[in-house]
Amino acid sequence: VVGAPAIDRDVDSVCPFCGVGCQLTFKVRDDKILFADGRDGPANQGRLCVKGRFGFDYIHNPERLTKPLIRKAGVAKADIEGLDPANPLTHFREASWEEALDVAAQGLLKVKADKGPAGLAGFGSAKGSNEEAYLFQKLVRTGFGTNNVDHCTRLCHASSVAALLETVGSGAVSAPFNEVENSDVIVVIGSNPGVNHPVAATYFKNAVKRGAKLIIIDPRGQALSRYATHMLQEKPGSDVALLNSMMHVIVKDGLTDEAYIRDHTENFEALKTHLEDFSPEAMQERTGIAPEQIREVAHLFATAKAAIIFWGMGISQHVHGTDNSRCLISLSLMTGQVGRPGTGLHPLRGQNNVQGASDVALIPMFLPDYQSVEDPVIRGRFEDFWGAKIDPNQGLTVVEITEAIHHGTIRGMYIMGENPAMSDPNVTHAREALSMLDMLVVQDLFLTETAAYADVIFPASAWPEKDGTVTNTNRQVQMGRAAVPLPGEARQDLWIIQQMAKRFGLDWQYDHPRDVFDELTQVMDSIKGLSWDRLDREGSVTYPCESPDDPGQPLIFTDAFPTPSGRGQFVPASLVSPDETPDREYPVILTTGRLLEHWHTGSMTRRSAVLDAVEPEPVVHMPPAMIEELGIQPGDYVKVSSRRGHLKIRARADGGVQAGLIFIPFCYAEAAANVLTNDALDPFGKIAEVKFCAVRVEAAPDQ
Ligand code: SF4
């Protein structure tokens, strides 16, 4: 092509952003990624969204950490005012790797000696590879001696996984999103895939063009609504009421799949009795949806030849998140809409490797492949294999760890690639906790908001600088490859974890990610048919994959469920109100989420020139009538307050936001939405209710 930049090399890899897992080729010149092209991967068939195409210059950003750092003597952790990510040397000093690793390990070992293993905790990352996640949890379990290890799944689909494991025995999706090609009804609930899973959304749009019905259920309007045949803009937090009333209609109108219920499920009679009180009329006040509309979508779903359900954080991030998912699963089971082409249950996973990081046990209650850490037989097997004792008790989850720090129980943490000082609910409380630790070790690319509280910072590797595997929302295990060298003294995360392990007395000899992957295939039946060479050759294989000649199983639950009885379980869900409802003082509901251009806490995409140029500034999305009532114009500042804090932010008129609701993206440090959010937990998934809290909105003309 005339004028096209000359390229030194092409490197085939996977997009590091969302759980769609688009395969791409990095186009490299002079050890810099110039751009990326989509490849013909099973999830994207050549497509990429704006992040996958333009979002890689963050790795070359001048703020990149290139040397280990140690907090300067006398600089208090609470004193982060004026700390500039471009100039960390005001608060930290540079150190050799040897010194930084020793200081970090000695600090954590001192906590272990003083408080015991339960005084330590680790957050790993869903942005890294399966191999890194596995080694990180292995270090925490066998080196630190605790199961206090977690990651952002606790802010994501932990409640969905809790419900799926309880009812159908498997925490992953039952069918890939591409199955919509065989669906005639598609339900998208509590999810905004046009923004959060953009390439997956293209399959939904194509299915609608082919004639499929698209039912979107969400309190907020969204771009994909243009393709919806049915848009149910329910009241926030009313999912259980709405789904139970859909199921009520299906039972009353005789639309259940009796043969499927008889042959494949248990406990339907209890659910049937429970649903008696949930007529659409009885639930109308709560859901805000007309009974005839609920009847119509219930009939559509139940009578479809093949119907599939997708859900996201709008379902999971509630104190009733597990109940929401239980309802979706019951809806599929009672209509037999699972285990066949075009049917299924698909919680759209958020981060590129949140599925894989959970599979390999970066979570406090399970060992790899969701095997209970409390089961003595399973634990014994891992103790023999790992050559170390494992704590028989479940560890603490993300928000519980924050509380344990406040109570003085946990005094030392190792955080690899997570940014809880931005991502955690009630973040002021979480930041206070970080500042209270005796030793905080942070491993990251940049001086993140979390690293600002660190004692020691390790400069880490970015995804395009490493070899490794990741697992997307479709259960496709895919191969990523290093495209460019590490900058300065930054090191591979796998090397850093092993250096820490050595200082905890662990004798590990992993020379390459393939060595770790080989171990994974030995401890995880779900991927025992995989090998590094096979993945390198094929690029992507879907698990379960039981033998080298098993092509992988995209569609599961075709005959039975992996539950003790082989049957799916109906679990009735009752109405649970949000933890904090609007009142006179805080009359508006706040919900939070992502933007198309920005990824999670923004540590990568806000350092990507193109992406930050498109959405450079935090805004609160408000109904136009609310802006008018405040007597302001779009673009003016407002003050948003909750019981936990406040922020000032520009108003954006958004006709898709219903009356009484506002939306703030959580990726902007200068107006961190999580200052406002509520850290009340779902009792099963231990996920916080960041999708619903009460706030007050006032004009702030003095800004
Ligand atoms: Fe990357 Fe997700 Fe966009 Fe695909 S859809 S290019 S995986 S961010």
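Treat the numbers as computed from the prediction; the structure is a model and nothing was measured. (Residues numbered from 1 in each chain as written. Predicted model: local features only at pLDDT ≥ 70, side-chain atom pairs only at ≥ 80, totals over all residues. Heavy atoms only, no water.)

In this section: the overall build of the chain. From N to C terminus, the chain includes 23 helices and 28 strands. Taking the principal axes of the C-alpha coordinates as reference, the chain spans close to 70 × 65 × 65 Å. Split into buried and exposed, the 703 residues of the chain put 64% on the buried side. Taking the contacts inside the chain whose residues are at least 6 apart along the sequence as the reference set, 74% of them involve residues at least 24 apart. Element-wise, carbon and sulfur atoms account for 49% of the exposed surface of the chain, whose accessible area totals about 23,900 Å². Across the chain, the 66 positively charged side chains and the 91 negatively charged ones have centroids separated by 2 Å. (Helix = DSSP H or I, 4+ residues; strand = E, 2+ residues; numbered from the N terminus. Buried < 20%, exposed > 50% of the residue type's maximum accessible area, 1.4 Å probe, protein only. Contact = heavy atoms within 4.5 Å. Areas by Shrake-Rupley, 256 points an atom, 1.4 Å probe, with all protein chains shown as cover. Lys, Arg positive; Asp, Glu negative; His and termini not counted. Charge placed at Lys NZ, Arg CZ, Asp CG, Glu CD.)

The subject of this paragraph is the pairing of strand 23 (residues 588-593). By the criterion of burial, strand 23 is predominantly enclosed, with six of the six residues buried. What you see with strand 23 is no split at all: Val588, Leu590 and Thr592 on one side and Ile589, Thr591 and Gly593 on the other are buried throughout. By the bridge criterion, three bridges tie strand 23 to strand 28 (residues 693-699) in an arrangement that is antiparallel. The residue bridging Val588 from the neighbouring strand is Val695, located in strand 28. Note that strand 23 and strand 27 (residues 661-665) share five bridges and pair parallel. Note that in strand 27 the partner of Thr591 across the bridge is Phe663. (Pairing = 2+ DSSP bridges.)

The end-to-end C-alpha distance of helix 6 (residues 198-210) is 19 Å, a good match for the 18 Å that 13 residues give at a rise of 1.5 Å each. Looking at helix 6, one finds that the buried residues are Pro198, Val199, Ala200, Ala201, Tyr203, Phe204, Ala207 and Val208. Downstream of helix 6 by one or two residues, Gly211 has phi in the positive range, about 125°. (Expected span 1.5 Å × (residues − 1).)

Before going further, it helps to spend a moment on the side chain of Gln23. In this structure, Gln23 sits in strand 2 (residues 23-29). We classify Gln23 as buried; its relative accessible area is 6%. In contact with Gln23, other than residues within four places in its own chain, are Ser13, Val14, Asp37, Gly38, Arg39, Gly41, Pro42, Asn44, Leu48, Gln478, Gly539 and Ser540.

Applying the stated criterion to the full structure yields 35 salt bridges. Across the pair Asp150 and Arg154 runs a salt bridge, and its minimum N-O distance is 2.7 Å. Classification of Arg154 as buried rests on a relative accessible area of 5%. Where Asp533 meets Arg514, a salt bridge forms, and the shortest distance between an N and an O atom there is 3.0 Å. Of this pair, Asp533 sits in helix 21 (residues 532-538) while Arg514 sits in helix 20 (residues 513-523), and the two are 19 residues apart along the sequence. One connected set of salt bridges, linked through shared partners, spans Glu580, Asp583, Arg643 and Arg644. (Salt bridge = Lys/Arg side-chain N within 4 Å of Asp/Glu carboxyl O.)

Here Ala36 lies in strand 3 (residues 32-38). Each C-alpha atom of the pair Ala36 and Val377 lies 47 Å from the other, and the pair is 341 residues apart in sequence. When sequence neighbours within four positions are dropped, the list of residues in contact with Ala36 reads Leu24, Thr25, Phe26, Leu48, Gly52, Arg53 and Phe56.

We now examine the nonpolar core. Core analysis: the largest hydrophobic core is formed by 57 residues, its most contacted members being Leu108, Leu139, Tyr414, Phe458 and Met500. With residues up to four places along the chain from it excluded, the contact list for Leu108 reads Leu120, Phe144, Gly412, Met413, Tyr414, Met439, Val441, Met500 and Phe504. Judged by nonpolar contacts, the second largest core, of 47 residues, contains Ala302, Leu333, Phe561 and Ala573. (Core = buried A, V, L, I, M, F, W, Y, C linked by side-chain atoms within 4.5 Å.)

Let us look at the site of the ligand. The immediate surroundings of the ligand are formed by Cys15, Phe17, Cys18, Val20, Gly21, Cys22, Leu48, Cys49, Lys51, Gly52, Pro198 and Val199. For the shell around the ligand, the secondary-structure elements that each account for two or more residues are helix 1 (50-54) and helix 6. Class assignment for the residues of the shell around the ligand results in nine nonpolar, two polar and one charged. (Near = heavy atom within 4 Å. Nonpolar A, V, L, I, M, F, W, Y, C, P; charged D, E, K, R; others polar.)

Where helix 7 (residues 239-252) contacts helix 13 (residues 321-334), the axes come no closer than 9 Å and their chain directions differ by 20°. For the element pair helix 7 / helix 13, the angle class is roughly parallel. In terms of crossing hand, the pair formed by helix 7 and helix 13 is left-handed. For the pair helix 7 and helix 13, the contacting residues are Asp239, Val240, Leu243, Asn244, Met246, Met247, Ile250 and Val251 in the first and Asp323, Asn324, Cys327, Leu328, Ser330, Leu331 and Met334 in the second. When grouped by side-chain class, the residues that make up the contact of helix 7 with helix 13 number 10 nonpolar, three polar and two charged. (Axes fitted to C-alpha atoms, helices over the stretch in contact; angles between N-to-C directions. Parallel < 35°, antiparallel > 145°, perpendicular 65-115°, else oblique. Left-handed = near helix turned anticlockwise from the far one by under 90°.)

Strand order across the open sheet formed by three strands is 1-2-3, with antiparallel pairing between neighbours. Two strands bound the open sheet, and with one partner strand each, they are strand 1 (9-14) and strand 3. With direction set aside, neighbouring strand axes in the sheet form an average angle of 30°. Note: strand 1 against strand 2, six bridges, orientation antiparallel. Looking at strand 2, one finds that Val14 is bridged to Gln23.

Looking at the secondary structure, you find Ile308 in strand 12 (residues 307-311). A residue is classified by how much of its surface remains accessible, and Ile308, at 0% relative accessible area, is buried. Sequence separation between Ile308 and Ile186 is 122 residues, and the spatial gap between their C-alpha atoms is 5.2 Å. Leave out the neighbours within four places in its chain, and Ile308 touches Ala175, Pro176, Glu179, Val180, Ser183, Val185, Ile186, Val187, Gly342, Thr343 and Gly344.

This part covers helix 3 (residues 130-144). Three- or four-residue spacings in an α-helix give side chains the same orientation, since the helix completes a turn every 3.6 residues. Compared with the 21 Å implied by 1.5 Å per residue over 15 residues, the 20 Å span of helix 3 between its first and last C-alpha is a close match. Immediately downstream of helix 3, the backbone of Gly145 shows phi near 90°, a positive value.

In this section: a nonpolar patch on the surface. Together, Phe54, Val610 and Val614 make up a nonpolar patch on the protein surface, roughly 250 Å² of accessible area in all. Tracing the sequence through the fold places Phe54 in helix 1. (Patch = residues over 30% accessible without salt bridge, like charges linked within 9 Å, V, L, I, M, F, W, Y side chains within 5 Å.)

So, on to the sheet that holds strand 13 (residues 344-347). Read across the open sheet, the five strands follow the order 10-9-8-12-13; overall the sheet is parallel. Looking at strand neighbours, the two that pair on one side only are strand 10 (230-232) and strand 13, the edges of this open sheet. Along the sheet, successive strands turn relative to each other by an average axial angle of 15°, direction set aside. Note that strand 8 (residues 185-189) and strand 12 share five bridges and pair parallel.

Another aspect to go through is the pairing of strand 25 (residues 637-642). Alignment of strand 25 against strand 26 (residues 645-653), held across six bridges, turns out to be antiparallel. Residue Ser642 lies in a different strand from strand 26, and its bridge partner there is Gly645. Hairpin connection between strand 25 and strand 26: a loop of two residues separates the two successive antiparallel strands. Bridge count between strand 25 and strand 28: four bridges; the pairing is antiparallel. Bridge pairing in strand 28 links Ser641 to Arg696.

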